[in-house]
Amino acid sequence: MNHWLTAPILIPLLGGILQAFMGYAPVPLRRTLGIATTALTLVAAILLMGLADDGTYRLYAFGNWQPPFGIVLVLDRLAALMLVVTAVLALFAHVYSLGGSDGNNRQFHGLFQFQLLGLNIAFLTGDLFNLFVAFEVLLIASYGLLMHGEGKSRTVPGLHYVVLNLVGSAIFLISVGMIYSVTGTLNMADLAMKIPQVAPENLPIVKAGGLMLLVVFGLKAAILPLCFWLPNAYANATAPVAALFSVMTKVGIYAIIRVYNLMFGEQAGALEGLGLDWLFPLALITLAMGVVGALGAANLRKLFAWQVIISVGTLLAAISFGTEKGTAAALFYLVNTTWVVGGLFLLADLIAGQRGSVNDRIVTAPKMRNRTFLSVLFLIGAVASAGLPPLSGFFAKLMVLDAAAPGAERIWLWSVLLVGSFFTLIAYSRAGSIVFWRNVKGHLEKPRRLTGAVSVPTGALVALSAVIVMLAEPISRYVDDTAAQLHNPSAYTDILQTPMVGEEQ
Amino acid sequence: MELAFALVIGVLTASGVYLLLKARTFSVVMGLTLLSYGVNLFLFSSGRLVTGGQPIIGSTETYSDPLPQALVLTAIVIGFAMTAFVVVLSLRSLADHNDDHVDGDMPELPTPKHEHNDEQDIEKGEARS
């Protein structure tokens, strides 16, 4: 039992509750409290990462109930990595919101904390039904955040997003019920033990349940047939919300990695590798679709939203190999793409603010006042996400390419990923050259000013790409260890034997 | 009992999905509600259907599984909150667009061309003169 595991959940929970009652408190007080809560969450996440790095599993059993019967939180390297990635992104997005985008809604800071709360529960939980609850917590906060802001443009994408996710929740519940009805447990460690022992006549039920889970996670992660809600929703969200949402698709990816390695991994007997053969072609089609969307994007936010889909395709392709190397490559790519795309969403808002009514559309417009600064950031972000050397995207893509086993798999992945990267590059250069170079004479009367609160987090998130390259050695060591830990599920199931407090006497 | 129960779940889910596919927010909300009823009943049945059983091992011959009941309770609470939210959101959409179509506005239907053009021409002509 380690009580620190509850810290990333309790801190945003308490912060969020306080914010909910402080709707009419002075703005500086609310902002200070909000930033302090997010910063504390980051500190807790980093401390937990230090704890998790020794390779053991840590457990927190709610109410001191022995694992298969109670709900548990489990900390391992993957959970710690996701916590840190989320907390870093959230802190920068939250600082950005101080530049004025937290106005118009008294509950912005509260919703932001509840969003973090849901994300952190999802990463830490060791229980399938609790994962559903975590999804609902983060979704209802995201519904509120998505609607945040002025104007009518968000109503329809918001409605689509909500309805789709409600259907997803219904499917999640059905699959949970199917799996429970046969295995009699919902604890992930216990499921990993029970699934190999399922009687052959019950196997189709578990199989159907497992594949329906893939549909739900695929909807969250925006895999191809289920990805068309994403560009509109993300492109219409306020900048800090869109930046934070760049981690939302990664929750689906995380759930796929966690559940499929644990429940349908090497030890799962008849169900080994369930769904993995579906994932690879779907991943490649998603990637191709993302590239097509990016080429046709009419504004910068749409372009970056399609970039999210491109990265989902790349990530899934690496995961679908089912090897340690593939998972490690996927995790390295995940860190890179989450931060950079988050930064790009913030950048799109800065660019839009300096172009008046043209907004972020990719058309000719008056010259921006801070063109040099913004264009350098765009260049770094584009290079990092398209995967050109010397920034982190290049190394991440190299790891993904290298992870493909020689044969048909390698040929398909290399051709789709490399051709896709080339066309992504074209999309970025088209957008960049039109937005930054094709200007008309004159200036905008009153462009939005670049204050420290908005330019520092944007610059920092995009520049993290360079930091990832500098720290590539420790990061790749960490993701390699994470992948090794993930592909050895028998250690995870040992948590069922953890003695509870007070049982020793 | 199993057959009747399964039929009820099937009818609820089927009508829920049918209503979901309609293009009006009202029927979509109704569809979501019916779907969540069907799902809740399904989840309830995952602990097997038992009559006269108590949720305590050893107290009676047959015992009923208490866990699905707890799961259903959670699912009902969450589903209720989500339904309330989606109702408010559809009302907002109706107020914003004066239309309860799920895409905000009705997609342009192919109108009889000649009448339309005539009117436009007349308007344009008046504007020019």
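Structure first, text after, so check above.
Bear in mind the structure is a predicted one, so any value in this text is a computation, not a measurement.

1. Examining the pairing of strand E2 (residues 72–75) of chain A
Residue and element names in this part refer to chain A. Going residue by residue along E2, you find Val72 and Val74 tucked away on one face and Leu73 and Leu75 tucked away on the opposite face as well. Relative to E2, strand E1 (residues 58–61) runs antiparallel, the two being bridged by 4 bridges. Looking across to E2, one finds that Tyr60 is bridged to Leu73.

2. Quick notes on the interface of chain B and chain A
Taken together, the contacts link 26 residues of chain B with 20 residues of chain A. For the side of chain B that touches chain A, the elements supplying multiple residues, two or more each, are helix H2 (25–45) and helix H3 (66–97) of chain B. With 13 residues, the single largest contributor to the side of chain B that touches chain A is H3(B). A breakdown of the residues in the side of chain B that touches chain A according to their chemical character gives 16 nonpolar, 7 polar and 3 charged.

3. Concerning the nonpolar core
All names here are of chain A. One finds Leu89, Met263, Ala318, Phe332 and Leu347 to be the most contacted residues of the largest nonpolar core, which totals 215 residues. Take this core: its biggest share by element is 18 residues, from helix H14 (residues 324–353). With residues up to four places along the chain from it excluded, the contact list for Met263 reads Met188, Leu191, Ala192, Ile195, Gly210 and Ala268.

4. Regarding helix H3 (residues 77–97) of chain A
Between its terminal C-alpha atoms H3(A) stretches 30 Å, which fits the 30 Å expected from 21 residues at 1.5 Å a residue. Burial of H3(A) is extensive: 21 of the 21 residues sit out of reach of the surface.

5. As for unusual backbone geometry
All names here are of chain A. A cis amide bond links Pro389 to the next residue, Pro390, at an omega of 10°. Positionally, Pro390 belongs in the loop between helix H15 (371–386) and helix H16 (392–403). The backbone of Ala222 sits at a positive phi, close to 65°, despite the residue not being glycine. The residue Ala222 is located in the loop between helix H8 (203–221) and helix H9 (230–236) in this model.

6. Overview of helix H18 (residues 452–470) of chain A
Residue and element names in this part refer to chain A. Here H18 is 19 residues long and its end C-alpha atoms lie 25 Å apart, about the 27 Å a rise of 1.5 Å per residue gives. Of all the bends in H18, the greatest, near 35°, is centred on Leu464. Every buried residue of H18 is listed here: Val454, Ser455, Pro457, Thr458, Gly459, Leu461, Val462, Leu464, Ser465 and Ile468. Among the structural elements, H3, H14, H15, H16 and helix H19 (472–486) are those in contact with the buried residues of H18.

Conventions and cut-offs
- Residues numbered from 1 in each chain as written.
- Chains lettered and ligands numbered in written order.
- Predicted model: local features only at pLDDT ≥ 70, side-chain atom pairs only at ≥ 80, totals over all residues.
- Buried ≥ 20, exposed ≤ 12 C-beta atoms within 10 Å, placed from the backbone.
- Helix = DSSP H or I, 4+ residues; strand = E, 2+ residues; numbered from the N terminus.
- Pairing = 2+ DSSP bridges.
- Contact = placed C-beta atoms within 7 Å.
- Nonpolar A, V, L, I, M, F, W, Y, C, P; charged D, E, K, R; others polar.
- Core = buried A, V, L, I, M, F, W, Y, C linked by C-beta atoms within 7 Å.
- Expected span 1.5 Å × (residues − 1).
- Bend = angle between axes of the 7 residues up to and from the residue.

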